[in-house]
Amino acid sequence: MEFGLSEEQRLLQASVSGFLEKASELDVVRKIAEGDQSARDVLQEGIDSLGLAGVMIPEDFGGLGMTLLDAALVEEMLGRYVTPQGFLSNQMAVAGLLASGTQEQKETWLPKIAEGSVQFGIGIAEQTGAREGAGLDEKDGKLTGRALFVTEADKASQFIVADRSGRLHLVIGDAGGLSRKKLSTIDVTRSVGELVFDSVAAEALLTENVAGAAAQKMLAVGRVLQAADTLGAAQRMIEKAVAYSLERKQFNRVIGSFQAVKHMCAEMAAELEPCRSLMWFAAHAYDAEPDQVALMAAHAKSHVAEVGKFVARTATEVHGGIGFTDVLGLHFWFKRIGLNRQMFGSPETARQDAARLQGWV
Amino acid sequence: MDLSLTPEYEAFRQEVVRFIEDYRDQAPRGYPSKAWQKILIEHGYAARTIPRDYGGYGAEPDVLKSRIIAEEFTKAGLPGGLSNQGISMFVPTLLELGSEEQKKQWIEPTLKGDIVWCQGYSEPNSGSDLASLQTKAVVDGDDFVINGQKIWTSTAYEADMMFCLVRTEPDAPKHKGISYLLFSMDTPGIEVRPLKTMTGAASFNEVFFTDVRVPTTQIVGQRGEGWFVANATLKYERGMLGDPNQAGTRLNAIIKMMKEETMGGEKLMDNPLYRDRLVKLQSRVLAMQYHGLRLVTHQIKGEDPGLARLIVKLMGCELNHDLAGFAIDILGELGVLYHGSSYLRDNGMWQHRYMFDLGLIIGGGTAQIQKNIISERGLGMPREPKPATV
Ligand SMILES: Cc1cc2nc3c(=O)[nH]c(=O)nc-3n(C[C@H](O)[C@H](O)[C@H](O)COP(=O)(O)OP(=O)(O)OC[C@H]3O[C@@H](n4cnc5c(N)ncnc54)[C@H](O)[C@@H]3O)c2cc1C
């Protein structure tokens, strides 16, 4: 019995962190957020050179053959450095392809993901509660309708989208009849948008036995990675709050010496530490206990979202007025955590899923 | 306890309802406007109890009438009067502590929205420990000459005037050396630099003073009494920030949204989880609204409500923030959209408020400072001892 990261996993995380600390420092993130394409390219090339895009892809398909936990450790660092990145969407695509792609589909796409030559966008928001009547219908290999809150909608070269029945389809980014639009959100480090389909050619991912099962698998992976992202961002906010509390003086003493401030920091840390363990287990379940993963992912998603919300708010409070400004850029983390909370089902939705998965509904 | 509506009050309610019917077309959508403020003052729905001599409506304070107005406006979804730092904080301070001349000069144009004030309190090294402020004013002839810097000054960029705390008696103990000055933002030597906040708006500013000359007559209270005057303003600020009627208006907007909005084909109001959270928030709003009535009653009787008043800023700001957070939660993915996006609900108000209200939990005395005040002044507990080492 051992519940913890392996030496390799610690090294993996340290190397990603070591790279992002410089490559994704706040100034770079700000530039990318303002639309600086060359800054984005430089960061992307650097990330590609780490060779992590294929972390979850089996070696047969050109990947590293590692686990979701490894991918989650990477995502945690992307959250920590509020890195603008399509890693999460690509990992969801990997999960979808592995769950219900044909051998040929896997052979076509997985090596491309592994070598970093494609960016997938994911459109499964309608699986957790459609808004605005959005949804896709498939007829004779063509998709019609709308998909909302699609990740990487403006940047992706391909998409995996779910239709109303939950079946997954592969769609080429520049397919005829497909129009794509970015939606502006609070979090400028991520890209979310809308796809409108007018009889668009699509290739179904059809080897799954039950319609929707592969989409659920993707959803679980998305939720685990999202929890990891929030974990990384929240951890950084706590560190920033503690560091600030040791610098800032009021009433002739550092504010970190006030019990009120210490307790805010201690509560954040105490809330977040178990989240790390929960996220680890949820990720581990994907590879080791697959019938647990949907449930654990729902727990990780909802619980880490709640704690993340508390940390985002409390760390801002520790900073006082400056935390509310753009000066230190603390809001980039605040908003990253905010977006994670809302996507792939709100905490209530994920908890409903957890209850349903246990046969309580 | 007497909340019975005598015929006089029933008639008053009818009067308010009639006003709303007659004027609702002229009400601005969203934020209050100057034109709307004028109409409201004329009819006694803004500046209601401020004497006519100073540009108010001049009514006797009456809890029930205030409540009827608030209820009918909330029900109709109409905006109330202008609320800004001048109207809600500075005007009541002047009424309490200003000279007759100052009241005549400043209250009316402020109420009308013709003069916008900003609050020059916080400095880079003096936030929670406001009394340590260092911006100094030295008398030279008939003027104070001000040098120093303020920070986090809301709306300083748009403001016409500032009420400002400066140190005039450098040798006095820190609370006794402060004065409360009034001056135009156009005075030579003032430089305003906008600061962007987390909402994306540049509603904050840094204000720099270099040899700014202000006549010595433009002081509220005496030299060295500024801390006392500032605390009057802070009292009104905290009342404004915790305003339960604002919470009521927001709650109504959320109820409407839950009746209209759907998720996966289901009405949000049909979702028992969201409904339970809604009703919990409603309980809190009602508790704060009735609490507000209790405070107004104390105020009319000239009593100090003590603890009951000290909790308003903490609880009211928290409630407003929670209402915005709830609205975002029930909007799901729609709750992450922001400025200019398609499908944005209520013009992004909830997303904006969720961030701005966190600012208000910090501004006007942080939540932690409020808790210190509640425990020390409200519950008689001792101050935190100084640390052994800093
Ligand atoms: C939205 C907004 C609007 C504002 N508008 C104005 C304005 O118009 N004019 C103006 O002058 N100022 C304004 N302010 C500034 C505001 O008054 C200060 O931010 C606030 O008083 C806190 O001071 P600070 O930012 O220096 O934080 P600090 O005082 O440095 O506080 C940092 C942290 O330490 C904690 N802390 C400090 N002292 C203690 C203590 N004794 N015990 C326990 N905890 C403590 C605080 O609670 C906080 O968590 C505004 C601020 C905001 C956010």
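Quick caveat: nothing in here was measured; it's all calculated off a predicted structure.

> I tried to follow the overall build of chain B on my own but got confused; where do I start?
Check the secondary structure of chain B and you find 12 helices and 10 strands. What you see for chain B is a C-alpha radius of gyration of 22 Å, in line with the 21 Å of a compact globule of 390 residues. Over its C-alpha atoms, taken along the principal directions, chain B stretches across nearly 70 × 55 × 45 Å. By the burial criterion, 52% of the 390 residues in chain B qualify as buried. Restricting to contacts in chain B with at least 6 residues of sequence separation, those with at least 24 account for 69%. For chain B, the accessible area works out to roughly 18,200 Å², and carbon and sulfur atoms hold 52% of it. In chain B, 43 side chains carry a positive charge and 49 a negative one; their mean positions are 3 Å apart.

> Explanation requested: the site of the ligand in the structure shown.
In the vicinity of the ligand there are 31 residues, among which Arg248(A), Gly321(A), Ser122(B), Ser128(B) and Thr366(B) approach most closely. In this structure, the ligand is bordered by residues of chains A and B. Note that an oxygen atom of the ligand is positioned 2.7 Å from one of the backbone N or O atoms of Glu317(A). Within the backbone of Ser122(B), one N or O atom sits 2.7 Å away from an oxygen atom of the ligand. Coverage of the ligand by the protein amounts to 96% of the 970 Å² it exposes when considered alone. Among the secondary structure elements, those contributing two or more residues to the shell around the ligand are helix H8 (259–288) and helix H9 (293–319) of chain A together with helix H11 (349–362) and helix H12 (367–378) of chain B. Its residues assigned to classes, the shell around the ligand shows 13 nonpolar, 16 polar and 2 charged.

> Help me out: how do you make sense of the pairing of strand S3 (residues 143–150) of chain B in this one?
Taken residue by residue, a regular strand's side chains alternate between the two faces of the sheet. Residue and element names in this part refer to chain B. Across the 8 residues that make up S3, a large majority, 6, are buried. Pairing geometry for strand S2 (residues 136–140) and S3, over 5 bridges, is antiparallel. Following the sheet pairing, Val138 is matched in S3 by Val145. Counting the residues in the hairpin turn of S2 and S3 gives 2 residues, including Gly141, whose phi is positive at 65°.

> What should I look at first to understand unusual backbone geometry in this one?
Keep in mind that most residues, glycine aside, have a negative phi and that most peptide bonds are trans. With phi around 55°, Phe149(A) is a residue other than glycine that occupies positive phi space. The residue Phe149(A) is located in strand S3 (residues 142–151) in this model.

> Please clarify how the interface of chain A and chain B should be interpreted in this entry.
Accessible area lost when the parts come together is the quantity often used to give the size of an interface. On the chain B side, the residues contacting the 52 residues of chain A number 57 residues. Between chain A and chain B, the buried area comes to about 4,600 Å², and carbon and sulfur atoms account for 60% of it. Of all residues in chain A, the largest losses of buried area upon contact with chain B belong to Arg131(A), Phe324(A) and Gln342(A), amounting jointly to 19% of the total for that side. Counting the contacts that link chain A with chain B gives 28 residue pairs in polar contact (both at pLDDT 80 or more).

> What is the right way to read the nonpolar core from this model?
Most often, soluble globular proteins have nonpolar side chains that are buried together. Counting 195 residues, the largest nonpolar core has Ile160(A), Phe73(B) and Tyr180(B) as its most contacted members. Sequence-distant contacts of Phe73(B), that is, excluding residues within four places in its chain, are made with Val16(B), Phe19(B), Ile20(B), Trp36(B), Leu40(B), Tyr45(B), Leu78(B), Pro79(B) and Gly80(B).

> Before we go on, may I ask you to explain the state of the cysteines in this structure?
Note on terminology: disulfide describes a covalent bond linking the sulfur atoms of two cysteines. Residue and element names in this part refer to chain B. Applying the stated rule across the entire model yields 0 disulfides over all chains. Lacking any disulfide linkage, Cys164 is separated from the closest cysteine sulfur, that of Cys118, by 8.3 Å. In this structure Cys164 comes out as buried when scored by relative accessible area, which is 0%.

> Explain the domain arrangement of chain A to me, please; I cannot follow it from the model alone.
All names here are of chain A. Taken as a whole, chain A is organised into domain 1 (7–115), domain 2 (120–204) and domain 3 (213–357). Put simply, the middle of domain 1 and the middle of domain 2, counted by C-alpha atoms, are 21 Å apart. On the domain 2 side, the residues contacting the 18 residues of domain 1 number 15 residues. Overall, the association of domain 1 and domain 2 removes approximately 1,300 Å² of surface from exposure, summing both partners, and the carbon and sulfur fraction of that is 65%. Per-residue buried area on domain 1 facing domain 2 is highest for Ser89, Gln105 and Trp109; these three make up 36% of the total on that side. Here domain 1 is connected to domain 2 by 4 residue pairs in polar contact (both at pLDDT 80 or more). Those elements giving two or more residues to the side of domain 1 that touches domain 2 turn out to be helix H2 (26–33), helix H5 (87–100) and helix H6 (103–115). Split into classes, the residues belonging to the side of domain 1 that touches domain 2 amount to 9 nonpolar, 8 polar and 1 charged.

The rules behind each value
- Residues numbered from 1 in each chain as written.
- Chains lettered and ligands numbered in written order.
- Predicted model: local features only at pLDDT ≥ 70, side-chain atom pairs only at ≥ 80, totals over all residues.
- Heavy atoms only, no water.
- Helix = DSSP H or I, 4+ residues; strand = E, 2+ residues; numbered from the N terminus.
- Rg over C-alpha atoms; globule rule 2.2 N^0.38 Å.
- Buried < 20%, exposed > 50% of the residue type's maximum accessible area, 1.4 Å probe, protein only.
- Contact = heavy atoms within 4.5 Å.
- Areas by Shrake-Rupley, 256 points an atom, 1.4 Å probe, with all protein chains shown as cover.
- Lys, Arg positive; Asp, Glu negative; His and termini not counted.
- Charge placed at Lys NZ, Arg CZ, Asp CG, Glu CD.
- Near = heavy atom within 4 Å.
- Polar contact = N/O pair within 3.5 Å; in protein donor to acceptor, adjacent residues only side chain to side chain.
- Nonpolar A, V, L, I, M, F, W, Y, C, P; charged D, E, K, R; others polar.
- Pairing = 2+ DSSP bridges.
- Buried area = accessible area lost by both parts, 1.4 Å probe.
- Core = buried A, V, L, I, M, F, W, Y, C linked by side-chain atoms within 4.5 Å.
- Disulfide = S-S within 2.5 Å.
- Domains from an automatic or database assignment.

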